[in-house]
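Residue strings, one per chain:
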Amino acid sequence: MEESPTIYEQIRTSGYSRRDFLKFCAWVTAFMGIEASGIGNVVRAMETKHRLPVVWFHFQECTCCSESFLRSSHPIVAEIILDKLSLAYTETLQAAAGYQAEEVLYNTMKKYKGEYLMLVEGSVPTDNDGVYCCIAGKTSLDIVKEAAEGAKAIISWGSCASNGCIQAANPNPTGATPIHKIIKNKPIINVPGCPPIGEVMAGVIVYLLTFDRIPELDGMGRPKAFYSRRIHDTCYRRPNYDAGLFVESFDDESARKGYCLYKMGCKGPVTYNACAVTKWNNGVSYPIKSGHPCIGCSEENFWDNGPFYQHLASFPGFGIETTADDIGLAVGAVTVAGIAAHAVRANIKKRKLINADIEESKKEGGE
Amino acid sequence: MEDQKIKRVYVWEIPVRIYHWLNALVVVTLAVTGYLIGNPLAIQSSAEAYLGYWFGTVRFIHFVAAFIFFFNFLFRIYWGFAGNKYADWKNFIPYTKKYIRECYDVLKLDILHIKVKPFISVGHNALAGLTYFLTFLAFLFQSITGFGMYSAMSDSFFPKLFAWVVPFLGGDFAVRQWHHLMMWFFIIFAVVHVYIVFYHDYVERRGVLSSMAGGWKFIEKDKPT
Ligand code: HEM
Ligand code: SF4
C-alpha cells in the first residue's frame, strides 16, 4: 500500500484535537459492542493503520442508507472515512462524473487489488441479463462481479443489498437479488435495515478499518454486535407486553399510556436489529418510541409478510385480510361438518346391523 | 357367564399409555397457549405494567409444555424400538403391500361403511398408523420451528442446537407463520382423531376407546389378529 498518513494523522490534519480523537474512539468502541478495555486497541489501530481504500456502489436503492450514515453518525466518521480518508468512488457523493469517475474507480480497483473494501447499497437485478440497472454502459450485475474480484471484503448496506427489500417483493419484476446470492467467494457482511442505523454502519466500517478482520457474524451474515437481539428483547414497552397490556387501536387510552404495540402488528418480536438500544437520530427515538409498531424493515421479505398493522401475515393466495387463523378455522368447520355427516350416515347404514346385534346381546345376556 | 367368543389382547403397555395422555395434555396446552400468544385477549385495564405478568406466564407455560412435548415425543420414538409389537415403529411406515391394502380396507370401513375381511389389525390399523406417522412429522416440524424461535431467547445449549432453523427458513417471520399455521393441523387432527376413535369403538366393538386407559382390546376368537 502507498505511504499515506495514518488514520490518526488524517484526523488531526482535519482540525480535530487529540481529545476529540479519543472521544471518537471511545464512542465508536461502544457502538461496536467492544468492551471498554478495547478502547486502547481502537486508538492504537487508528494511530498506526493507513488508509483503506473504499468503493461504495449504488444500485437499485433509494440512498437512504447513505443518508442514514451521513446524518446521524459522528462527524468524524463522515468527514474522515468518507471525505478525506478512503472513499475512492461513490456515485452520489463524488464530485467527478463520467469518464473521470470511472477512471478513479478502475484505478482504485487495479492499484489496490485484493485490498479495497467494497460497499454496496442496493440490490442487483438479474432478470433479462440485468438490464434494469446499468451504470456507464455496464449492468450492475457485471459491475458487482468485476469489483468483487479484487475486493478484500464486501459490506451489503441495507435490506436491498442484504435481502432484496422492496425490489425483491413479490412478484420481483426485475429479479432483484441480494449481493450474497451473487458473490460466493468473498467475506460478506450484511447490514440490513431500511435504512440501517447510521451508528451501526459506522461501527461496522470502523471495525473493519481498525481491526482488519470481519466482525463476528450470525447465521444470516449479520454482525452479532448489532443484530443478535430482537427489537422486542430490549424494547422499553416490553413490561407491558409481559403484563398483557396491549394497544387495541391507535387512538385508544392504551395507546396514550404507551402500552405494547403487539396487537397493532408490531414486528419487534421477529426483528433482529439495534433500534431499541442505539435508537435513531443520535439516540432521540425509534419507531416504537414514537408510537408506531415496528414493521420489521431489517428482516428478509418484510414486504411480503404484511399487512404491517396485523400480527399474523396474510395467507398467500387468499387476499390481504386472510390469515392462517381464518384458513384454519374454515378447514376446521368443514371437518366438523364432515364428521357430523359421517356420523349420521353411519347410523343410518348400520341401523339394521346394530339393532340385530342388540337383540342378540339381549338373548345372550339372558333377558 | 364367560363368553367363549371373545379374546383379550394386551396392546398398549403402560409407557405407551402414559405417553399418549401426557402428549394429549401438553398438545392441548400448547395449542391453547399458542393461540393466546398469537391472539392475546383484549384485557383493557388501567393497571401499570409492573403489576401484572399474565402474558409472560402464558408464554412460560407454552415453553414448559414444549419441553415436555419434545422429550415425550423422543421417548415415544425410543419405545418404537423397545416396546411390544403394537408399539413398534413398523406400524407407522407403509412399506409393504399388505400395509397399503389394509389402508384401503380401513377407508372402505370408515367412508363407505363396508365391512371388510380379513379383519383389520388389533393394534393401530394401517391407516391410523400412517396418520400417526404424519403427526410425528408434524411434531418434528413444530418442535424444530418452536425451538428455532426459542433459540434467540435462550442461552442454554439445547435450544441453541436449533439456531440454524431461522436462517434456514428465511428469518423469524417465516418461522412464526409456519409454526402458527401448524397449530391448526393439531387442532383438526385432535377433532378427527377423537371422532374416529368413538366411531371405531362403536362399529368394531373391540374397546378401542378404553384401550388407551386400561391397555386391553377385545377380539373375536375366530378372527385373525
Ligand atoms: C403442539 C405443539 C405446538 C403448538 C400447537 C404451538 C402453537 C403455537 C402458536 C399458535 C404460537 C403463536 C405464534 C404467533 O405468534 O402467532 C406459538 C408460539 C411459540 N411457540 Fe409454539 N406450539 C407448539 C409447540 C412448540 C414447541 C415444541 C416449542 C419449542 C420450544 C414452541 C415454541 C414456541 C415459541 C418460542 C413461540 C413464540 C413465542 C413468543 O415469542 O412469544 N412451540 N406456538
Ligand atoms: S411494542 Fe413491539 S417490540 Fe415492544 S414489547 Fe411490544 S411487541 Fe415487543
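Residues numbered from 1 in each chain as written. Chains lettered and ligands numbered in written order. Predicted model: local features only at pLDDT ≥ 70, side-chain atom pairs only at ≥ 80, totals over all residues. Heavy atoms only, no water.

A short note on the overall build of chain A
Turning to step 1, where the next piece is worked out: For chain A, the count of helices and strands is 15 helices and 9 strands.
Turning to step 2, where the next piece is worked out: Overall, chain A is about 110 × 50 × 40 Å in size when its C-alpha atoms are taken along their principal axes.
Turning to step 3, where the next piece is worked out: Put simply, chain A has 367 residues, and 55% of those count as buried.
Turning to step 4, where the next piece is worked out: Per element, the accessible surface of chain A, about 16400 Å² overall, is 56% carbon and sulfur.
Turning to step 5, where the next piece is worked out: Positive and negative charge centroids in chain A, built from 38 and 41 side chains respectively, lie 4 Å apart. (Helix = DSSP H or I, 4+ residues; strand = E, 2+ residues; numbered from the N terminus. Buried < 20%, exposed > 50% of the residue type's maximum accessible area, 1.4 Å probe, protein only. Areas by Shrake-Rupley, 256 points an atom, 1.4 Å probe, with all protein chains shown as cover. Lys, Arg positive; Asp, Glu negative; His and termini not counted. Charge placed at Lys NZ, Arg CZ, Asp CG, Glu CD.)

Comments concerning the overall build of chain B
Turning to step 1, where the next piece is worked out: A count of helical and extended segments in chain B gives 8 helices and 2 strands.
Turning to step 2, where the next piece is worked out: In chain B, the succession of helices and strands from N to C terminus is β-α-α-α-α-α-α-α-α-β.
Turning to step 3, where the next piece is worked out: In terms of its C-alpha atoms, chain B occupies a principal-axis envelope of roughly 70 × 40 × 35 Å.
Turning to step 4, where the next piece is worked out: The 225 residues of chain B split such that 48% are buried.
Turning to step 5, where the next piece is worked out: Taking as baseline every contact in chain B between residues at least 6 positions apart, the subset at least 24 positions apart corresponds to 70%.
Turning to step 6, where the next piece is worked out: As displayed, chain B has an accessible area near 12000 Å², and 71% of this comes from carbon and sulfur atoms. (Contact = heavy atoms within 4.5 Å.)

Observations regarding the packing of helix α2 (residues 18–31) of chain A against helix α3 (residues 39–48) of chain A
All names here are of chain A.
Turning to step 1, where the next piece is worked out: Between α2 and α3, the shortest axis-to-axis distance is 9 Å and the interhelical angle comes to 125°. Classified by the angle their axes make, α2 and α3 are oblique. For the pair α2 and α3, the crossing hand works out as right-handed. Contact residues: Arg18, Phe21, Leu22, Phe24, Cys25, Ala26, Val28 and Thr29 in α2; Ile39, Val42, Val43, Met46 and Glu47 in α3.
Turning to step 2, where the next piece is worked out: When grouped by side-chain class, the residues that make up the contact of α2 with α3 number 10 nonpolar, 1 polar and 2 charged. (Axes fitted to C-alpha atoms, helices over the stretch in contact; angles between N-to-C directions. Parallel < 35°, antiparallel > 145°, perpendicular 65-115°, else oblique. Left-handed = near helix turned anticlockwise from the far one by under 90°. Nonpolar A, V, L, I, M, F, W, Y, C, P; charged D, E, K, R; others polar.)

Comments concerning the interface of chain A and chain B
Turning to step 1, where the next piece is worked out: Chain A puts 54 residues into the contact, and the matching count from chain B is 48 residues.
Turning to step 2, where the next piece is worked out: Here chain A packs against chain B, burying approximately 4300 Å² in sum over the two surfaces, 58% of which is carbon and sulfur.
Turning to step 3, where the next piece is worked out: On the surface where chain A and chain B come into contact, there are 0 salt bridges.
Turning to step 4, where the next piece is worked out: Run the count over chain A and chain B and you get 15 residue pairs in polar contact (both at pLDDT 80 or more).
Turning to step 5, where the next piece is worked out: When contributions to the side of chain A that touches chain B are tallied by element, the ones reaching two or more residues are α12 (238–242), α13 (253–257) and α15 (324–364) of chain A.
Turning to step 6, where the next piece is worked out: If one sorts the elements of the side of chain A that touches chain B by residue count, α15 of chain A sits on top with 20 residues. (Buried area = accessible area lost by both parts, 1.4 Å probe. Salt bridge = Lys/Arg side-chain N within 4 Å of Asp/Glu carboxyl O. Polar contact = N/O pair within 3.5 Å; in protein donor to acceptor, adjacent residues only side chain to side chain.)

Looking at the pattern of salt bridges
Residue and element names in this part refer to chain A.
Turning to step 1, where the next piece is worked out: Going through the model one piece at a time under the given rule, you end up with 13 salt bridges over all chains.
Turning to step 2, where the next piece is worked out: The partner of Lys362 in a salt bridge is Glu359, with the nearest N and O atoms 4.0 Å apart. One end of the pair, Lys362, and the other, Glu359, are both in helix α15, 3 residues apart, so they sit about a helical turn from each other.
Turning to step 3, where the next piece is worked out: The partly exposed category is assigned to Glu359, whose relative accessible area is 44%.
Turning to step 4, where the next piece is worked out: Each member of the salt-bridge network shares a partner with another, and the members are Arg230, Asp233, Arg238 and Asp242.

Observations concerning the site of ligand 1
Turning to step 1, where the next piece is worked out: Around ligand 1 sit 27 residues, and of these Arg59, His62, Arg176, His179 and His180 of chain B come closest.
Turning to step 2, where the next piece is worked out: Mapping the residues adjacent to ligand 1 onto the chains of the assembly identifies chains A and B.
Turning to step 3, where the next piece is worked out: His180 of chain B is positioned such that a nitrogen or oxygen atom in its side chain is 2.5 Å from an oxygen atom of ligand 1.
Turning to step 4, where the next piece is worked out: Listing elements by their share of the shell around ligand 1, those giving two or more residues are α1 (14–38), α2 (54–82), α4 (126–150) and α7 (172–204) of chain B.
Turning to step 5, where the next piece is worked out: A class-by-class count of the residues in the shell around ligand 1 yields 16 nonpolar, 9 polar and 2 charged. (Near = heavy atom within 4 Å.)

Some details on a nonpolar patch on the surface
All names here are of chain B.
Turning to step 1, where the next piece is worked out: Nonpolar side chains collect at one region of the surface, where Ile6, Tyr10, Ile14, Ile18, Leu22, Leu25, Phe60, Ile61, Val64, Ile68, Trp216 and Phe218 lie side by side and expose about 1000 Å² of accessible area between them.
Turning to step 2, where the next piece is worked out: Listing elements by their share of the nonpolar patch, those giving two or more residues are β1 (6–10), α1, α2 and β2 (216–220).
Turning to step 3, where the next piece is worked out: Topologically, Tyr10 is positioned in strand β1.
Turning to step 4, where the next piece is worked out: Residue Tyr10 is classed as partly exposed on the basis of its relative accessible area of 34%. (Patch = residues over 30% accessible without salt bridge, like charges linked within 9 Å, V, L, I, M, F, W, Y side chains within 5 Å.)

Section: the pairing of strand β9 (residues 188–191) of chain A
Residue and element names in this part refer to chain A.
Turning to step 1, where the next piece is worked out: Because side chains alternate across β9, one face comprises the buried residues Ile188 and Asn190, and the other comprises Ile189 and Val191, equally buried.
Turning to step 2, where the next piece is worked out: When strand β7 (residues 151–157) meets β9, the two strands line up parallel, connected through 4 bridges. Directly across from Ile155, in β9, lies its bridge partner Ile189. (Pairing = 2+ DSSP bridges.)

Quick notes on the domain arrangement of chain A
All names here are of chain A.
Turning to step 1, where the next piece is worked out: For chain A, the domain assignment lists domain 1 (7–227) and domain 2 (229–367).
Turning to step 2, where the next piece is worked out: Taking the mean C-alpha position of each, domain 1 and domain 2 sit 39 Å from one another.
Turning to step 3, where the next piece is worked out: Listed per partner, the contact involves 23 residues of domain 1 and 17 residues of domain 2.
Turning to step 4, where the next piece is worked out: Note on domain 1 versus domain 2: buried area summed over both sides is about 1600 Å², and carbon and sulfur give 59% of it.
Turning to step 5, where the next piece is worked out: Summed over the shared surface of domain 1 and domain 2, the result is 1 salt bridge.
Turning to step 6, where the next piece is worked out: Of the charged contacts, one joins Arg222 and Glu299 as a salt bridge, the two residues approaching to 3.3 Å between their closest N and O atoms.
Turning to step 7, where the next piece is worked out: Across the contact surface, domain 1 and domain 2 share 3 residue pairs in polar contact (both at pLDDT 80 or more).
Turning to step 8, where the next piece is worked out: Every element with two or more residues in the side of domain 1 that touches domain 2 is listed here: α4 (64–72), α8 (158–163), α9 (198–211) and α10 (224–227).
Turning to step 9, where the next piece is worked out: Of the residues contributing to the side of domain 1 that touches domain 2, the split by class is 14 nonpolar, 6 polar and 3 charged. (Domains from an automatic or database assignment.)

Examining helix α7 (residues 140–149) of chain A
Turning to step 1, where the next piece is worked out: If you check which residues of α7 of chain A are buried, you get Ser140, Leu141, Ile143, Val144, Ala147 and Ala148 of chain A. Angular distribution of buried residues about the axis of α7 of chain A spans 165°; they occupy a single face of the element. (Arc of directions from axis to C-beta.)

Some words on the site of ligand 2
Turning to step 1, where the next piece is worked out: Neighbouring residues of ligand 2: His232, Cys235, Arg237, Arg238, Tyr241, Cys260, Leu261, Tyr262, Cys266, Gly268, Pro269 and Ile288 of chain A.
Turning to step 2, where the next piece is worked out: A per-class count over the shell around ligand 2 returns 8 nonpolar, 2 polar and 2 charged.

Some remarks on the packing of α4 of chain B against α7 of chain B
All names here are of chain B.
Turning to step 1, where the next piece is worked out: Contact geometry for α4 and α7: axes closest at 10 Å, N-to-C directions at 150°. By the angle class used here, α4 and α7 are roughly antiparallel. When the axes of α4 and α7 are compared, the crossing they make is left-handed. From α4, Thr131, Tyr132, Leu134, Thr135, Ala138, Phe139, Phe141, Gln142, Thr145, Gly146 and Met149 reach across to α7, where they touch Val175, Arg176, Trp178, His179, Met182, Met183, Phe185, Phe186, Phe189 and His193.

Considerations on the environment of Arg206 of chain B
Residues and elements named next belong to chain B.
Turning to step 1, where the next piece is worked out: Inspection of the secondary structure assignment puts Arg206 in the loop between α7 and α8 (208–214).
Turning to step 2, where the next piece is worked out: For Arg206, a relative accessible area of 3% puts it in the buried group.
Turning to step 3, where the next piece is worked out: As a C-alpha pair, Arg206 and Ile93 span 113 residues in sequence and 24 Å in three-dimensional space.

A closer look at α3 of chain A
An α-helical turn contains 3.6 residues, so a residue and the one three or four places further along point in the same direction.
Turning to step 1, where the next piece is worked out: Within α3 of chain A, burial applies to Val42, Val43, Ala45 and Met46 of chain A. Buried residues of α3 of chain A fall within an arc of 165° about the axis and therefore sit on the same side.

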